Each structure stands twice: as C-alpha cells, then as structure tokens.
Amino acid sequence: MDLLGSGERSGYLLKSRVMDVDDFVETLDRIVKGASVIDPALVQELVAARRVDDPLEDLSPREGEVLALMAEGRSNAGIGRALSVTEGTIEKHVHSILVILRLPETEDDHRRVLAVVAYLDAR
C-alpha cells in the first residue's frame, strides 16, 4: 500500500503473468510511460485485507482522541487536561479502548503500549 500510495510508477505481476511474454512487455511499456501496473489478483487481496475487521474503526471519536494522545506519551492526567475532562473519565476511555482493541490483561504485555502500537501501525 505504501508503494501504491507513493505515486511512483511501479509494477507487480504474478509469476503466471510474467510467463506471458506479450503481457509482460506491454506491462513494461506502460511502466516506462509512467503508469503503475498491479496484478488484478493482488489488488483483490489488498482490497480484501482492508476490509478485515479493524477494531480501531470501532472507537468513538473521543476514544480516538484519547488514543492519539496516548501515542504522544501523555499520562491519563495529561490527557484529561488536554481534553478538559477528569482523569477518571480518561481511565474509563482507556479501559474501553483496551476492550475494543481486544487486548486481554496478561502478565507479559503492557496493554497501553500495545494499543499505541496498533494505533501507530494503522497510520
């Protein structure tokens, strides 16, 4: 997706398409002329992958704001001051975020950090 989003001319064909010499030469010609050529099967996979259930989409706008401020490294108190709400309200939002992102409580993981990583990965 980063490659496609760059706007640079590029091409990606599956092996079966490369075996067809005429199709391969036509693809190269299009790329030389500035086009991007992506195999339809890959496009289908990329679109399907984007449709996969993304729990970040289930966050409310306020939960999204809280998570963004968490990603800036702010404490609950700091987030509360930034959003003009109490620290207790932020604690409730953080708890909700952790539930929505399906981050179970374990002794091995820091759920707040995992939530931030999920947020940053999605950006």
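If you're wondering where the values come from, they're calculated on a predicted model, not measured in any experiment. (Residues numbered from 1 in each chain as written. Predicted model: local features only at pLDDT ≥ 70, side-chain atom pairs only at ≥ 80, totals over all residues. Heavy atoms only, no water.)

Asks: Which residues make up helix H7 (residues 87–100), and what values go with them?
Replies: The end-to-end C-alpha distance of H7, which contains 14 residues, comes to 20 Å, matching closely the 20 Å that a straight helix rising 1.5 Å per residue would cover. Residues of H7 that are buried in the fold lie against helix H5 (61–71), helix H6 (76–83) and helix H8 (111–122). Arg102, located one to two residues past H7, shows a positive phi value of around 55 degrees. (Helix = DSSP H or I, 4+ residues; strand = E, 2+ residues; numbered from the N terminus. Expected span 1.5 Å × (residues − 1). Contact = heavy atoms within 4.5 Å.)

Asks: Lay out the nonpolar core in plain terms, naming residues and giving numbers.
Replies: Formed by 17 residues in total, the largest nonpolar core has its most connected members in Val66, Leu67, Met70, Ile79, Ile97, Leu101 and Ala115. Elements that contribute at least two residues to this core include exactly H5, H6, H7 and H8. Setting aside anything within four residues of it in sequence, one finds Leu101 in contact with Pro55, Leu56, Leu67 and Ala115. (Core = buried A, V, L, I, M, F, W, Y, C linked by side-chain atoms within 4.5 Å. Buried < 20%, exposed > 50% of the residue type's maximum accessible area, 1.4 Å probe, protein only.)

Asks: An account of the pattern of salt bridges is needed here, citing residue identities and associated values.
Replies: Counted under the stated rule, the structure contains four salt bridges. The salt bridge partner of Arg74 is Glu72, with a shortest N-O separation of 3.3 Å. Among the residues examined, Arg74 registers a relative accessible area of 35% and is labelled partly exposed. Taking the shortest distance from any N to any O, the salt bridge between Arg111 and Glu105 comes out at 3.9 Å. (Salt bridge = Lys/Arg side-chain N within 4 Å of Asp/Glu carboxyl O.)

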